[in-house]
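Coordinate analysis (summary)
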Amino acid sequence: MATGTDIASLETRYMCSCQARGVPPNKQVMSALFKAKLKKAHHEVSSLVILLDDIKDTDFQPLLDLLTEVDLSEIDAVDIINRSVCILSWEYLLSLMRASSRKLRVVDVQDILFGKDFLLDLAQRGLPCQVLNLRSSHFRKLSMIGSFTRMHTLNLDFSASLTNFREDCFTYMPNLKFLSLCETRITNLWTTTAALTKLPSLVELRFQNFLQDDEARKHAASDRRNDYWDSGHTEISIHDEAPSVSGENIMYRLFNEEGQHLNNTDMDLDVSSETEDSSDDSEVDFSSQDRETSFMELLPDVPPGWGYLVNLQNEVSFGTLEMQDDEEPFFRLSDTRLPCITPKKCVSHNPSPICFQKFYREYMIASLPNLKILDNLPIRKVDREKAELIFSQKFELLPYKRKYKESVVSILQKRETRANHTRGISPRRKSQYFYSRSLSAAKVGSVPWPALSPLSIMGTTARDDRRSYRPRQFEYHPSDASLMVFGTLDGEVIVINHESEKVVSYIPSLGAMNSVLGLCWLKNYPSKVIAGSDNGSLRLYDIRLMPPTATGSHQSAGSIMFDDFDQLTSVHVNSTDELFLASGYSKHVALYDISSGRRLQVFDDMHREHINVVKFAHHSPSIFATSSFDRDVKLWDLRQKPNQPCYTALSSRGNVMVCFSPDDQYLLVSAVDNEVKQLLAVDGRLHLDFSITSTGSSQNYTRSYYMNGRDYVISGSCDEHVVRICCAQTGRRLRDVSLEGKGSGASMFVQSLRGDPFRDFSMSVLAAYIRPSSNSEIVKVNLLASSDQDKGYSHTRHSHPLASSGG
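Everything numeric in this text was worked out from a predicted model, so none of it was measured.

Structural notes on the environment of Gln644
Mapping Gln644 onto the fold places it in the loop between β34 (632-637) and β35 (647-650). For Gln644 and Lys634, which are ten residues apart along the polypeptide, the C-alpha to C-alpha distance reads 9.4 Å.

Below is the structure:
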């Protein structure tokens, strides 16, 4: 059997190549060949370790010639490692990586040194390595769609830009067994597990590093250089040699020797040439240059108190290298050494935000049945049984309690033939209503990444100048499925066809209004809308009389002005369109007559603090509810000249929102920091507590509304970038929808939201941003349609407003 080119011959050919090109042999390459030769002489696995720190562009061609011949040589493995600096161009680096297609074992690089183009090329074309470590990678949304068929280990720890996965990002990694994502910005359980199910060989996953208390203390106190290796290999530095794989099980730490991903040299790097405009379609982000910044400092929506769990000085070990008879290394499961322990006995290091989701561990275990180790803890039979139980109690796999995914075609066939859905099904469940719910469940179940599309709201002035609006509040039309009205921070009121994105009516601020915070359509007169601003101005407009563009003159025709209500935050019209109420930064509520334009009465001191929202019932013209930051929600009846409420319900925090269910059976109450409860409207008794995790922020103003009639509840908060969808009857979580902008710090934060009254599992979200230069944005969300893979957002938010609007 031929043994291939010996290492001495490789060395000679390398020197000849250098001589032919007039460059001296690189000392590090010569040293690597010498060490590989020694290994082979001692009958050990012979690995060729290329340290990129010592490679220049002039060394490229001879080294490429060498690596091209490695596949037919007696060298067993090639490792390409970058520790701190690298002056080799990224094109040359990729060529070197792909030159040894069968024996490339470990690639360990810092992509910040090479830039966006390097990372995109690597992700799209793939790599033939077995172990890939991208320390502090600048992926924003992971999209590794190239061929990675030999890779069994991927380590993306400390990738502080990584927030999500594209749907097909793991499609071409059939042999990936070990994945580590510690201290990333990943938060969404649903999209994460949907992506991970594409990995058929995945057995070990990590979003945090769990250590037992005593192990954690030893770990923190150990010398970093000695901690790099198993006890039998501590005398060897990674700068001198790649990890030995000679029969012994050794821990291969895929990190920097000093400070893991934080290097002093990083602070001196000039990355300005690599910095790109974050508004393009790239999936990577190189806009952050402060390499000393922890990801927790980059995440404004991380709740207070979580930071203590972050400890960048703790190493993260991952897997064990072992040689098989075919001398192909793989990472052995670490549960052979781990005792059966629970997270309560462990200390978490380097956690990603997803770890703080309620029932995170149980959700991951139930969703990934082939997983054997999660966060360094083995998954036992009892863990899996507990996870399945909690999943069934706390989460809804599919809408409307459907337990199994079905194809749309199958449901349509059953609907047409009126076939029984299951054996013994009752005739009642064969109704058209049943089939429409089944179709919705099938579509939601097949779309882990729902379609998110920002409304492109561009106005045209009389001079034909294009400009963008700054939305602050919005409402769907009650009877026209295509219309939506929104008010702006500049006091404008715009009616838009949100399907065609064309402005239907434009109402300027008239020089009197500031931010429009209150909007309400009249139901029986569908062309009329009431708008109120924070300076107290109140007007009723007829949109039929308002042109779609600014004419340069103030329009007063078709509008009725009401008496001001100072510091207004909310307006709402009763079911007969006769009366409307206004509330704001006061303890009072004002009642107005729409037909006469008069203010009928002011109800004083209805609460002990200001009243953020007032809402009429949908069907009773005299019943309304108020919610206040005094923590009370009160129900009132105009027929009783509201001196006393019908009842008072108490929240533990200040109330931001209240609304009636479409059938007036329930009150949905949203208090500060994710306290969302459903009360019986008849007497205020608690019907359901949605138990959404709080962040600890007193400024995290939460708003919730109904979707699909009163079947589901959508909830979002102004310090978080996620919309939560829960079943209104059981409280089980159906899905979280993460809102993401593009580039560093471009997360979208929920300022307001509404369920689409005409389309199931559709909603719109008013997103606020960090950067003052960016406008707020209305984003349409459709859970029945798949997201556009190439669509992204290019804005960042304003500092979030106080709870100063009617939701």
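Having seen it, we continue.
Side note on the environment of Met144
With respect to the helices and strands, Met144 occurs in the loop between β5 (141-142) and β6 (153-155). Sequence separation of Met144 and Arg166 is 22 residues, and the distance between their C-alpha atoms is 8.6 Å. Apart from residues lying up to four places away in sequence, Met144 is in contact with Leu122, Ala123, Leu132, Phe139, Leu154, Cys169 and Met173.

Some words on the nonpolar core
Core analysis: the biggest nonpolar cluster contains 81 residues, and Leu48, Met97, Leu132, Met144, Leu154, Phe170 and Leu179 have the highest contact counts within it. Per-element accounting of this core gives the leading share, six residues, to helix α3 (residues 60-70). Formed by 51 residues, the second largest nonpolar core is a distinct cluster that contains Tyr400, Val444, Val658 and Val737.

Structural notes on the UniProt feature "repeat: WD" (unreviewed entry) in the protein chain
In the UniProt entry, the feature "repeat: WD" (unreviewed entry) is given for residues 604-639. End-to-end, the C-alpha atoms of residues 604-639 are 17 Å apart, and along that stretch the chain is 0% helix and 50% strand.

Let's talk about the sheet that holds strand β44 (residues 749-755)
Ordered by their spatial adjacency, four strands build an open sheet running β17-β46-β45-β44, and the pairing between neighbours is antiparallel. Both outer strands of the open sheet, β17 (450-454) and β44, are each paired with one neighbouring strand and no more. Averaged over all adjacent pairs, the angle separating strand axes in this sheet is 25 degrees, with direction ignored. Two elements, strand β45 (residues 762-768) and strand β46 (residues 777-786), share six bridges in a ladder whose sense is antiparallel. From the neighbouring strand, Leu766 faces β46, where its bridge partner is Ile778.

Overview of the pattern of salt bridges
Side chains bearing opposite charge may pair, as long as their charged atoms lie close to each other. The tally for this structure, following the rule as stated, stands at 27 salt bridges. The residue Arg653 makes a salt bridge to Glu675 at a minimum N-O spacing of 3.3 Å. Placement of the pair is Arg653 in the loop between β35 and β36 (655-660) and Glu675 in strand β38 (residues 675-680), with a sequence separation of 22 residues. Glu675 sits in the buried class, given a relative accessible area of 8%.

Focus: the layout of surface pockets
Taken as a whole, the largest pocket holds about 860 Å³ of empty space. What lines the largest pocket is a set of 30 residues, among which Glu475, His618, Pro662, Gly755 and Pro757 lie closest to the centre. Elements with a contribution of two residues or more to the lining of the largest pocket: β20 (471-476), β24 (516-521), β28 (568-573), β32 (611-616), β36, β40 (702-707) and β44. For the lining of the largest pocket, a count of residues per class yields 16 nonpolar, seven polar and seven charged.

Quick notes on the pairing of strand β26 (residues 538-542)
In terms of residue burial, β26 counts as a mostly covered element, since five of its five residues are buried. Side-chain alternation along β26 places Leu538, Leu540 and Asp542 on one buried face and Arg539 and Tyr541 on a second face that is also buried. Taken together, the five bridges between strand β25 (residues 528-533) and β26 define a ladder with antiparallel strand orientation. Bridged to Lys528 within β26 is Asp542. Remark: four residues form the turn of the hairpin made by β25 and β26, two consecutive strands paired antiparallel; Gly536 in that turn has positive phi of roughly 100 degrees.

Let's talk about the packing of helix α1 (residues 7-21) against helix α2 (residues 27-41)
Look at α1 against α2: their axes get within 10 Å of each other, and the N-to-C directions meet at 170 degrees. Considering the angle they form, α1 stands roughly antiparallel to α2. For the pair formed by α1 and α2, the contact residues are Ile7, Ala8, Glu11, Tyr14 and Met15 on the first element and Val29, Met30, Leu33, Ala36, Lys37 and Lys40 on the second.

What to know about the side chain of Asn133
With respect to the helices and strands, Asn133 occurs in strand β4 (residues 131-134). Overall, the relative accessible area of 0% leaves Asn133 in the buried class.

Brief notes about the sheet that holds strand β27 (residues 559-562)
Spatially, the four strands line up as an open sheet ordered β24-β25-β26-β27, and their pairing is antiparallel. Each of the sheet's edge strands pairs with one partner strand only, and the pair in question is β24 and β27. Within the sheet, the average angular offset between the axes of one strand and its neighbour, ignoring direction, is 20 degrees. Where β24 and β25 come together, five bridges link them in antiparallel fashion. Of the residues in β25, the one forming a bridge with Gly518 is Gly532.

Examining the packing of aromatic side chains
The relative placement of two aromatic rings is captured by the distance of their centres and the angle of their planes. What the rule picks out here adds up to 21 aromatic pairs. When the ring of Phe562 is compared with that of Phe580, the centres are 4.9 Å apart and the planes differ by 80 degrees; the resulting orientation is edge-to-face. Taken together, the residues Phe562 in strand β27 and Phe580 in strand β29 (residues 579-584) connect sequence positions 18 residues apart. For the pair Phe562 and Phe580, a shared accessibility class is recorded, and that class is buried. Against the face of Tyr525 rests Lys528, its NZ or CZ located 5.5 Å from the ring centre. Stacked on the ring of Phe474, the Lys or Arg Arg754 has its end atom at 5.6 Å from the ring centre.

Cut-off values and rules
Residues numbered from 1 in each chain as written. Predicted model: local features only at pLDDT ≥ 70, side-chain atom pairs only at ≥ 80, totals over all residues. Heavy atoms only, no water. Helix = DSSP H or I, 4+ residues; strand = E, 2+ residues; numbered from the N terminus. Contact = heavy atoms within 4.5 Å. Core = buried A, V, L, I, M, F, W, Y, C linked by side-chain atoms within 4.5 Å. Buried < 20%, exposed > 50% of the residue type's maximum accessible area, 1.4 Å probe, protein only. UniProt positions renumbered as here; feature names shortened; annotations may be inferred. Pairing = 2+ DSSP bridges. Axes fitted to C-alpha atoms, helices over the stretch in contact; angles between N-to-C directions. Salt bridge = Lys/Arg side-chain N within 4 Å of Asp/Glu carboxyl O. 1 Å grid on protein atoms, 1.4 Å probe; cavity = no way out; pocket = protein on both sides within 12 Å on 5 of 7 lines; lining within 4 Å. Points joined across faces, edges and corners; volume = space filled by probe spheres on them. Nonpolar A, V, L, I, M, F, W, Y, C, P; charged D, E, K, R; others polar. Parallel < 35°, antiparallel > 145°, perpendicular 65-115°, else oblique. Phe/Tyr/Trp six-rings, centres within 6.5 Å; stacked < 30°, edge-to-face > 60°. Lys NZ or Arg CZ within 6 Å of the ring centre and 35° of its normal.

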